[in-house]
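Structural characterization, general
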Amino acid sequence: MEAFSVEIVTPIKILNQESVKYIRCPGIDGSFGIMKKHREGVFALDIGEIKIETNSETEWYSTSGGFVEIGSDKVELLLESVEKSNEIDVKRATEALERAKNRKSNPQEKIDSTRLEASLTRAMNRLRVSKK
Amino acid sequence: MASLKDIRDRIKSVKSIQKVTSAMKMVAAAKVRKAQEKMEQARPYTHALEDVIHHILPDIDRSILDLLEVRKIKRKAYVVVSADRGLAGAFNTNITKVAQKEIDEFGKDNVDLFCIGKKARDFFKRRNYNIIESHIEFWNDLDYDSAMMIGRSIVDHFTSGKVDEIHVVYNYFINLAQQEIKSEVLLPLVYDDKEVVSTDRLYEPSKEKLVSSLVPRHLNIQIWKYLLESYASEQAARMLAMENATTNAGDMIKSLTLEFNKARQAAITTEMLEIVSGAEALKE
């Protein structure tokens with residue numbers, strides 16, 4: 001399988017990954033895969049997990065969304081936040097999940113349900129990816 | 001005239017103050033560098049994001065984006081970015097002064113406030129301004145999450161129609177010696193039409209959906225930029241203030257030492273006079 005290079009760009013860091021064979025991304029309308037010679041384009045990403053397969057290993061990342069720009073020779077993932085599966089702060093994610101759950105079960109009047117759902121999804125996603 | 005002991009004690013205390021100020025200066029210098037690094041790191045992301053938005057915008061109907069909606073301005077919100085701590089020269093005073101002036105010009109009663117940093121919150125709270133939200137004590141571990149959190153509540157305030165325009169007042173970091181207070185319109189967002197080379201790219205799910213998920217992210221990165229600019233400015237201002245304080249302490253030590261020596265010499269002279277006149281008296 002032909003390999004390509006991937007760049008993960010976030011507001012606070014840039015990660016490079018050479019000789020990638022396959023990426024699976026959480027698209028807004030469902031996840032999709034990218035391999036060499038994928039059609040060029042821009043695809044929006046949702047909260048979810050990103051799987052990157054290189055020649056030697058498979059890595060998992062959790063993200064809170066962004067987009068991916070596929071060019072002729074490289075793939076750029078532009079993400080608002082990204083965490084590698086083994087770098088996720090499980091304690092913080094668990095706390096965030098508990099907080100969100102609590103707020104959901106005791107609804108106060110001034111609560112934004114879409115925001116609550118989003119923080120719930122984010123926390124659950126981070127926990128799930130941390131177990132990979 | 002102060003006694004020798006008094007002067008010695010003062011020299012001692014000024015010296016220890018000088019130690020503190022010069023340490024604070026060093027810490028501030030390190031923090032400025034860190035903030036500048038963060039600004040550098042955010043640049044590639046910002047460029048890529050703006051690039052994609054500018055590519056898509058000409059092809060879609062802008063009215064679907066509620067963050068771009070220009071309304072008749074009846075009510076405004078101000079985001080005032082200040083620091084949590086003082087000892088940074090006139091940093092906090094200047095920013096609150098400028099913000100207060102602008103707010104009063106529009107009418108205090110028609111302005112909602114988002115206060116970033118303790119100093120702005122305390123200032124406007126004391127004067128009974130209409131504070132919607134204040135974000136404090138996050139500067140020490142400044143991360144992108146705080147920018148997103150602030151971004152979310154500001155966006156909600158705008159899209160729910162509570163205000164028709166949101167301004168941000170912050171310190172723009174020019175260089176270590178210079179910061180400029182700027183007041184900019186944060187919302188509605190304005191995108192100029194740029195000449196773009198159209199490319200045969202695929203946009204998924206659709207251009208409209210893509211851009212409506214990207215525009216809020218663009219706002220977050222702008223808020224991040226404002227936070228970093230202000231943080232760098234705060235630390236630079238503190239560095240300068242502490243540098244001045246250290247120099248002033250040095251001057252003070254110099255003049256106190258002079259005074260100390262004079263006092264000591266005077267004491268010696270008096271003593272000698274006493275001895276000599278005592279000896280003279282004995283002769284007779």
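Residues numbered from 1 in each chain as written. Chains lettered and ligands numbered in written order. Predicted model: local features only at pLDDT ≥ 70, side-chain atom pairs only at ≥ 80, totals over all residues.

All right, on to the overall build of chain A then. Assigned secondary structure in chain A consists of two helices and nine strands. Ordered by position from N to C terminus, the α and β elements of chain A give β-β-β-β-β-β-β-β-β-α-α. Based on the C-alpha atoms only, the size of chain A along its principal axes is roughly 55 × 25 × 25 Å. Per-residue burial for chain A yields a buried fraction of 33% across its 132 residues. Sequence-distant contacts in chain A: of pairs separated by 6 or more residues, those separated by 24 or more amount to 50%. (Helix = DSSP H or I, 4+ residues; strand = E, 2+ residues; numbered from the N terminus. Buried ≥ 20, exposed ≤ 12 C-beta atoms within 10 Å, placed from the backbone. Contact = placed C-beta atoms within 7 Å.)

On to the overall build of chain B, then. A tally of regular secondary structure across chain B gives five helices and six strands. Across chain B, helices and strands are ordered from the amino to the carboxyl terminus as α-β-α-β-α-β-α-β-β-β-α. Here the C-alpha atoms of chain B give a radius of gyration of 29 Å, more than 25% beyond the 19 Å that 2.2 N^0.38 yields for 284 residues. A principal-axis box enclosing the C-alpha atoms of chain B has dimensions of 115 × 45 × 30 Å. Expressed as a percentage of its 284 residues, the buried residues of chain B come to 30%. Residue pairs at least 24 apart in sequence account for 78% of intrachain contacts in chain B once pairs closer than 6 positions are excluded. (Rg over C-alpha atoms; globule rule 2.2 N^0.38 Å.)

Residues and elements named next belong to chain B. Ordered in space as 3-2-1-4-5, the five strands form an open sheet in which the pairing is mixed. For this open sheet the edge positions go to strand 3 (131–135) and strand 5 (178–187), each flanked by a neighbour on one side alone. Within the sheet, the average angular offset between the axes of one strand and its neighbour, ignoring direction, is 20 degrees. Each of strand 1 (76–81), strand 2 (111–116) and strand 3 is contacted by helix 3 (residues 118–126), which is oriented at about 145 degrees to strand 2, the strand it contacts most. (Pairing = 2+ DSSP bridges. Axes fitted to C-alpha atoms, helices over the stretch in contact; angles between N-to-C directions.)

Let us look at the nonpolar core. Residues A:Phe67, B:Tyr78, B:Val79, B:Val80 and B:Val81 are the most contacted members of the largest nonpolar core, which totals 87 residues. Broken down by element, the residue count for this core peaks at 18 residues, all from helix 5 (residues 207–283) of chain B. Setting aside anything within four residues of it in sequence, one finds B:Val80 in contact with B:Ile95, B:Thr96, B:Ala99, B:Leu113, B:Cys115, B:Ile116, B:Ala120 and B:Val169. Counting residues in each nonpolar core, the second largest holds five residues, with A:Ile88, A:Ala93, A:Ala123 and A:Val129 among its members. (Core = buried A, V, L, I, M, F, W, Y, C linked by C-beta atoms within 7 Å.)

Okay, the interface of chain B and chain A next. Between chain B and chain A, the contact holds 24 residues from the first and 24 residues from the second. Residue assignment for the side of chain B that touches chain A shows that the elements contributing at least two residues are helix 1 (4–56), helix 4 (144–159), strand 6 (202–204) and helix 5 of chain B. For the side of chain B that touches chain A, the per-class residue count stands at 14 nonpolar, three polar and seven charged. (Nonpolar A, V, L, I, M, F, W, Y, C, P; charged D, E, K, R; others polar.)

What follows deals with the domain arrangement of chain A. All names here are of chain A. In terms of domain boundaries, chain A breaks down into domain 1 (4–85) and domain 2 (89–130). Domain 1 and domain 2 are separated by 25 Å when their C-alpha centres are compared. In this complex, domain 1 contributes eight residues to the contact, which on the side of domain 2 involves six residues. (Domains from an automatic or database assignment.)

The next point concerns the environment of A:Ala93. All names here are of chain A. Take Ala93: it is sitting in helix 1 (residues 90–105). The class of Ala93 is buried, set by 21 C-beta atoms lying within 10 Å. Ala93 sits 19 residues away from Lys74 along the chain, and the two C-alpha atoms are 32 Å apart.

The next thing to look at is unusual backbone geometry. All names here are of chain B. Residue Leu187 is joined to Pro188 through a cis peptide bond whose omega torsion reads -5 degrees. Within the secondary structure layout, Pro188 lies in the loop between strand 5 and strand 6. Even without glycine at this site, Leu87 takes up a positive phi of about 55 degrees. The topology assignment puts Leu87 in the loop between strand 1 and helix 2 (91–106). By C-beta crowding, Leu87 is classed as partly exposed, having 15 other C-beta atoms within 10 Å.

Okay, the packing of helix 1 of chain A against helix 2 (residues 113–130) of chain A next. Each pair of packed helices gets described by two things: the angle between the helix axes and the distance between those axes. All names here are of chain A. Packing of helix 1 against helix 2 leaves a shortest axis separation of 9 Å and a crossing angle of 150 degrees. For the pair helix 1 and helix 2, the sense of crossing is left-handed. Contacts from Val90, Ala93, Thr94, Ala96, Leu97, Ala100, Arg103 and Lys104 of helix 1 reach helix 2 at Leu116, Ser119, Leu120, Ala123, Met124, Arg126, Leu127 and Ser130. Residues of the contact of helix 1 with helix 2, tallied by class, amount to 10 nonpolar, three polar and three charged. (Left-handed = near helix turned anticlockwise from the far one by under 90°.)

Take the environment of B:Pro205 next. Tracing the backbone through its elements, the reader meets B:Pro205 in the loop between strand 6 and helix 5. Its 14 C-beta neighbours within 10 Å are what place B:Pro205 among the partly exposed residues. Sequence-distant contacts of B:Pro205, defined by excluding residues within four places in its chain, comprise A:Ile28, A:Asp29, A:Ala44 and B:Leu210.

Attention now moves to the packing of helix 2 of chain B against helix 3 of chain B. Residue and element names in this part refer to chain B. Taken N-terminus to C-terminus, the directions of helix 2 and helix 3 make an angle of 50 degrees; their axes are 10 Å apart at the nearest point. Judged by the angle between their axes, helix 2 and helix 3 are oblique. Two packed elements cross with a definite hand, and for helix 2 against helix 3 that hand is right-handed. Taking contact as the criterion, the partners of Asn92, Ile95 and Thr96 in helix 2 are, on helix 3, Lys119, Ala120 and Phe123. Here the residues of the contact of helix 2 with helix 3 are counted per class, giving three nonpolar, two polar and one charged. (Parallel < 35°, antiparallel > 145°, perpendicular 65-115°, else oblique.)

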